[in-house]
Amino acid sequence: VIEIGQPEHSVITTCAYCGVGCTFKAEMRGNEVVRMVPWKDGKANRGHSCVKGRFAWGYASHKERILNPMIRASITDPWREVSWEEAIAYTASEFKRIQARYGRLSIGGITSSRCTNEETFLVQKLIRGGFGNNNVDTCARVCHSPTGYGLSQTYGTSAGTQDFDSVEQADVILLIGANPTDAHPVFGSRMKKRLREGAKLIVVDPRRIDLVRTPHVEAAHHLPLKPGTNVAVLTAMAHVIVTEGLADEAFVRERCDWDEFQDWASFVADPRHSPEAIEAVSGVPAADLRAAARLYATGGNGAIYYGLGVTEHSQGSTTVMAIANLAMATGNIGRPGVGVNPLRGQNNVQGACDMGSFPHEFSGYRHVSGDETRQLFESLWGVPLDSEPGLRIPNMLDAAVDGVFKGLYVQGEDILQSDPDTRHVAAGLAAMECVVVQDLFLNETANYAHVFLPGSTFLEKDGTFTNAERRIQRVRKVMPSKSGKADWEITLALAHAMGFNMNYAHPSEIMDEIARLTPSFAGVSYAKLEAEGSVQWPCNEKAPLGTPVMHIDGFVRGKGRFMVTEYVATDERTGPRFPLLLTTGRILSQYNVGAQTRRTENVVWHEEDRLEMHPHDAEQRGVQDGQWVKLASRSGETSLRALITERVAPGVVYTTFHHPGTQANVVTTDFSDWATNCPEYKVTAVQVSASNGP
Ligand code: SF4
């Protein structure tokens with residue numbers, strides 16, 4: 001703990017980094033944080049935290065923070081500091097001018113998963129009610145949108161089924177495409193504790209993550225599959241379960257559509273899905289695959305946890321459905337200790353999705369074409385709403401390049417750095433006439449912005465975040481906004497200037513409106529959050545204190561639905577020019593593109609991004625450990641230092657993407673999930689060669 005003086009008072013609030021949602025006591029001296037102490041009563045963290053959260057307050061007062069609004073007529077002009085009034089009036093007049101010239105659909109916006117539920121709700125409300133279209137999207141587009149699609153199709157709702165406590169009753173943990181000890185450290189520790197107590201672990205991951213073998217924990221099985229073959233491996237596990245009679249028929253008959261189960265069962269039973277057939281596709285030995293499937297089906301409570309290694313593929317949605325199938329087939333759903341658990345990345349990505357940040361859905365995942373739902377929103381908001389889904393982020397960029405999309409309001413996202421195919425993102429942004437970036441720092445996207453609206457950190461506002469277990473927790477203002485306006489106040493001012501009436505004196509009033517409009521939030525209020533500490537949605541008349549475990553008596557959609565999941569190889573192929581497969585991940589000390597973590601006191605733990613290579617591949621290329629290498633793909637190239645390690649298999653290379661200089665997304669492709677457009681970040685054919693430096 002770094003101390004800078006004795007605290008005078010303290011405020012309980014929630015970490016703004018990852019989807020674990022740890023609560024902290026911010027100990028204050030005047031308006032300055034003295035230290036952040038993990039809160040013992042935090043239901044997600046129980047007094048624990050990781051290094052990122054403990055030092056998170058540092059970036060709030062970093063010298064590079066922008067505190068005044070700025071505008072410029074052209075992106076080649078210098079920025080000009082202006083008053084809030086001028087910045088808001090300029091933005092509104094530009095958006096109105098663009099719509100008058102190019103039409104109602106020519107502008108849109110992106111909500112931030114780092115902002116509060118109330119703030120993301122207001123941005124989508126401004127776009128639907130003020131812009132008059134559904135051109136709203138969010139960063140879940142590039143991370144967990146396949147979770148939304150896959151779980152909605154199979155179970156009827158877009159969220160993890162369990163609370164974190166559930167892991168304490170798991171007997172077998174099937175961990176796919178996730179590295180919780182680095183990316184979700186506090187939950188990762190709880191998982192590790194359960195493993196030390198004797199739960200069995202199956203890891204499905206191309207890389208040997210720490211949990212495969214770490215002091216006192218050794219995975220029963222590590223299936224080091226070739227990147228891009230998740231569906232093949234999961235379908236092979238289903239093959240074993242069905243053909244060896246390991247399915248829980250009683251559960252399936254009672255809880256699922258029996259006809260669809262039979263169709264699915266005969267599909268997976270086909271010999272072409274056997275582990276022996278899939279070994280050649282995935283590289284996973286058939287015997288290991290069989291043993292892992294048997295353990296998951298027969299080892300007691302089987303709990304599945306997964307991350308972006310599942311979703312960020314061209315078959316991301318198919319993989320989520322394959323996971324949902326496995327849990328239903330074995331009866332591992334609807335009680336503590338089991339379930340399907342997406343480990344959501346950002347602090348409020350679950351909430352941003354819940355709040356209607358998608359172009360086809362209102363809050364609570366209800367389609368914009370539903371007349372009854374739309375009329376409910378129209379009657380409360382007092383404006384007609386569009387029944388046609390709007391544009392997703394990649395479609396907005398395509399339309400910009402085509403000259404028909406001209407204005408974008410970006411709330412707390414850096415799409416130039418975080419979205420795939422950087423050159424295409426830059427081309428789209430450059431083609432727009434008014435790009436508005438609302439953020440803490442001049443990020444990479446701001447290079448293409450005409451308006452910069454300084455945002456506020458989580459320490460400077462009231463609101464709520466929803467973590468990966470659907471837990472809604474209070475974010476409490478511990479200091480005044482350094483820029484003069486919290487993000488919700490900025491959106492409110494912009495709505496007024498656009499002629500769209502929104503009136504709230506405090507974020508609690510926004511939550512009251514969310515509760516009126518969203519059945520799964522109907523019982524949520526700030527008063528309840530103060531009384532209970534937190535609640536997990538659905539929270540309504542049926543479950544006034546929330547729902548830790550879902551689908552206990554029945555699935556949200558009624559009967560659980562088995563989906564046929566045919567494996568289709570990605571179009572991204574290796575060949576003589578690009579013979580290796582690149583996949584990516586995170587390290588413990590850094591958070592995503594590092595905009596915040598690089599500006600905090602935990603600098604001693606900061607590391608550069610390295611390219612992990614197997615010794616065999618390194619030797620073939622004459623690459624030494626620590627040497628600079630060129631990483632090239634069909635999309636572009638970048639340079640970084642090599643780390644020679646057997647964590648990755650021959651033929652696979654791996655890097656993190658925390659430092660802007662790494663430019664990992666210069667090499668990633670523009671392939672994406674067939675259902676949701678989630679980019680295929682996790683599979684890129686590359687070549688690596690020794691170089692002298694960047
Ligand atoms: Fe907890 Fe995640 Fe914050 Fe770490 S980064 S303190 S695990 S919420």
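Residues numbered from 1 in each chain as written. Predicted model: local features only at pLDDT ≥ 70, side-chain atom pairs only at ≥ 80, totals over all residues. Heavy atoms only, no water.

1. A word on the confidence of the model for the chain
In plain terms, the rule: Every residue carries a pLDDT, the predictor's confidence in it, which falls somewhere between 0 and 100.
Across the chain, pLDDT averages 92, with 96% of residues at or above 70. ipTM for the predicted complex: 0.99, alongside a pTM of 0.92.

2. As for the site of the ligand
Here is the rule we go by: When at least one non-hydrogen atom of a residue lies within 4 Å of a molecule or strand, that residue is treated as near it. Each residue is assigned to one of three groups, with Ala, Val, Leu, Ile, Met, Phe, Trp, Tyr, Cys and Pro labelled nonpolar, Asp, Glu, Lys and Arg labelled charged, and all others, Gly among them, labelled polar.
Residues in close proximity to the ligand include Cys-15, Tyr-17, Cys-18, Gly-21, Cys-22, Phe-24, Cys-50, Lys-52, Gly-53, Pro-185 and Val-186, which together make up its full environment. Among the residues making up the shell around the ligand, the classes are represented as eight nonpolar, two polar and one charged.

3. Quick notes on the environment of Leu-151
This is how it is decided: Here a helix means four or more residues in a row that DSSP labels H or I, a strand means two or more in a row labelled E, and each is numbered from the N terminus. Buried residues are those whose accessible area, probed at 1.4 Å on protein chains only, stays under 20% of the maximum for their type, while exposed residues exceed 50% and partly exposed ones sit between those limits. We call two residues in contact whenever any of their non-hydrogen atoms come within 4.5 Å of each other.
Tracing the backbone through its elements, the reader meets Leu-151 in helix α4 (residues 145-154). Residue Leu-151 is classed as buried on the basis of its relative accessible area of 0%. Between the C-alpha atoms of Leu-151 and Thr-161, which are 10 residues apart in sequence, the distance is 9.6 Å. If we ignore the near neighbours within four places in the chain, the residues touching Leu-151 are Gly-156, Thr-157, Ser-158, Ala-159, Tyr-306, Val-320, Ala-324 and Val-340.

4. Remarks on the sheet that holds strand β4 (residues 70-71)
As a reminder of what qualifies: Two strands qualify as a pair provided DSSP detects at least 2 bridges between them.
Read from one edge of the open sheet, seven strands run β5-β4-β19-β18-β17-β6-β7, paired in mixed fashion. Where the open sheet ends on each side, the last strands, each with one partner, are β5 (80-81) and β7 (136-138). Pairing between strand β6 (residues 107-111) and β7: three bridges, direction parallel. Residue pairing across strands places Thr-111 opposite Thr-138, the latter belonging to β7.

5. Digging into helix α15 (residues 371-381)
Because the α-helix completes a turn every 3.6 residues, residues three or four places apart line up on one side. As a reminder, the rule being used: It is the directions from the helix axis to the C-beta atoms whose arc is reported.
Turning to α15, its buried residues are Thr-373, Arg-374, Phe-377 and Trp-381. Projected down its long axis, α15 carries its buried residues within an arc of 95°, all on one side. Along α15, exposed side chains directed more than 90 degrees from the buried face belong to Glu-372 and Ser-379. Turning to α15, the residues buried within the fold contact α3 (117-131), β15 (361-362), β16 (366-367) and α20 (507-517). Of the residues trailing α15, Gly-382 is marked for its positive phi of about 70°.

6. As for the pattern of salt bridges
As a reminder, the rule being used: Between Lys or Arg on one side and Asp or Glu on the other, a salt bridge is scored when a side-chain nitrogen of the former is within 4 Å of a carboxyl oxygen of the latter.
Taken as a whole and judged by the stated rule, the model has 38 salt bridges. Residue Glu-513 is joined to Lys-125 by a salt bridge in which the shortest nitrogen-to-oxygen separation is 2.9 Å. Here Glu-513, found in helix α20, pairs with Lys-125, found in helix α3; they are 388 residues apart in sequence, far enough to count as distant. Residue classification places Glu-513 among the buried residues on the basis of a relative accessible area of 7%. The buried category is assigned to Lys-125, whose relative accessible area is 4%. Across the pair Arg-476 and Glu-530 runs a salt bridge whose closest N-O atoms are separated by 3.2 Å.

7. Re the packing of helix α7 (residues 230-243) against helix α9 (residues 258-269)
Packed helices, taken two at a time, are described by the angle between their axes plus the distance between the axes. How we decide: Every axis corresponds to a line fitted to the C-alpha atoms, with the helix fit spanning only the stretch in contact, and the corresponding angles, defined between N-to-C directions, vary from 0 to 180 degrees. If an angle is under 35 degrees, it is roughly parallel; if it is over 145, roughly antiparallel; if it lies from 65 to 115, roughly perpendicular; otherwise it is oblique.
Contact geometry of α7 with α9 gives a least axis separation of 8 Å together with a crossing angle of 105°. Between α7 and α9, the angle is such that the two are roughly perpendicular. Here α7 contributes Thr-235, Ala-238, His-239, Val-242 and Thr-243 to the contact with α9, which in turn contributes Trp-264, Ala-265, Phe-267, Val-268 and Ala-269. Along the lines of polarity and charge, the residues of the contact of α7 with α9 split into seven nonpolar, three polar and no charged.

8. Some details on the side chain of Arg-476
Cut-off, in case you're wondering: For the purposes of these results, a polar contact is taken to be a pair of N or O atoms within 3.5 Å, where, inside protein, one atom must be able to donate a hydrogen and its partner to accept one; residues adjacent in sequence count only when each atom of the pair is a side-chain atom.
Structurally, the position occupied by Arg-476 is in the loop between β21 (471-475) and α19 (487-497). A distance of 2.9 Å separates the side chain of Arg-476 from the backbone oxygen of Ile-12, its partner in a polar contact. Those residues in contact with Arg-476, other than ones at most four positions away along the chain, are Val-11, Ile-12, Thr-13, Phe-458, Leu-459, Lys-461, Asp-462 and Glu-530.

9. Description of the packing of aromatic side chains
To describe a pair of aromatic rings, you give the distance between the ring centres and the angle between the ring planes. Heads up, the condition is: We call Phe, Tyr and Trp rings a pair once their centres come within 6.5 Å, taking the six-membered ring for Trp, and we label the pair stacked below 30 degrees between planes, edge-to-face above 60, and tilted otherwise. The rule is short: NZ of Lys or CZ of Arg within 6 Å of the ring centre and within 35 degrees of the ring normal puts a charge over the ring.
If you walk through the whole model with that rule in mind, you get 14 aromatic pairs. On the numbers, 6.4 Å between centres and 40° between planes, the contact of Tyr-365 with Trp-537 is tilted. Within this pair, whereas Tyr-365 is found in the loop between β15 and β16, its partner Trp-537 is found in the loop between β22 (534-536) and β23 (580-585), the two being separated by 172 residues in sequence. A relative accessible area of 2% places Trp-537 in the buried class. For the ring pair Phe-377 and Trp-381, a centre distance of 5.1 Å and an interplane angle of 85° mean the geometry is edge-to-face. Residue Phe-377 and its partner Trp-381 are located together in helix α15, separated by four residues, close to a single helical turn. Both residues of the pair, Phe-377 and Trp-381, count as buried. Grouping aromatic residues by their ring pairs yields a cluster made of Phe-121, Phe-362, Phe-377 and Trp-381. Lying across the ring of Trp-79, Arg-72 places its NZ or CZ 4.0 Å from the centre.

10. Focus on unusual backbone geometry
Leave glycine aside and you will find that most residues have negative phi; peptide bonds, for their part, are mostly trans. With an omega of 0°, the peptide bond between Trp-537 and Pro-538 qualifies as cis. Tracing the backbone shows Pro-538 in the loop between β22 and β23. Unlike most non-glycine residues, Arg-46 shows phi in positive territory, near 45°. Tracing the sequence through the fold places Arg-46 in the loop between β3 (32-38) and α1 (51-54). Phi angles above zero are rare outside glycine, and Tyr-365 is one such case at about 60°. Note on Tyr-365: relative accessible area 16%, which makes it buried.

11. Here's the deal with the sheet that holds strand β9 (residues 200-204)
Hydrogen bonds between backbone atoms are what pair the strands of a sheet, whose relative direction is either parallel or antiparallel. Spatial strand order, β12-β9-β8-β13-β14: five strands in an open sheet with parallel pairing. Because the sheet does not close on itself, it has two edges, and the strands there are β12 (221-223) and β14 (340-342). Taking each pair of neighbouring strands and ignoring which way they run, the sheet shows an average axis angle of 15°. Examined bridge by bridge, strand β8 (residues 172-176) and strand β13 (residues 302-306) share five bridges and lie parallel to one another. Looking at the pairing, Leu-174 lines up with Ile-304 of β13. Relative to β13, helix α13 (residues 316-329) is tilted by about 170°, and along the sheet it contacts β8, β13 and β14.

12. Examining the packing of α15 against α20
Defined as follows: The sense of a crossing depends on the near helix, which, turned anticlockwise from the far helix by less than a right angle, makes the crossing left-handed and, turned clockwise, makes it right-handed.
Relative to each other, α15 and α20 sit at 145°, their axes nearing to 10 Å. Judged by the twist between their axes, the crossing of α15 over α20 is right-handed. The residues of α20 that touch α15, namely those facing Leu-376, Phe-377, Leu-380 and Trp-381, are Glu-513, Arg-516 and Leu-517. Grouping the amino acids of the contact of α15 with α20 by side-chain chemistry returns five nonpolar, no polar and two charged.

13. As for the pairing of strand β27 (residues 652-656)
Burial analysis of β27 places five of its five residues in the buried class, the great majority of the element. Along β27, one buried face is formed by Val-652, Tyr-654 and Thr-656 and the opposite face, lined by Val-653 and Thr-655, is buried too. When β23 meets β27, the two strands line up parallel, connected through five bridges. When the sheet's bridge partners are listed, Leu-582 is paired in β27 with Val-653. Across two bridges, the pairing between strand β24 (residues 610-613) and β27 is antiparallel. Bridge pairing links Glu-612 to Tyr-654 in β27.

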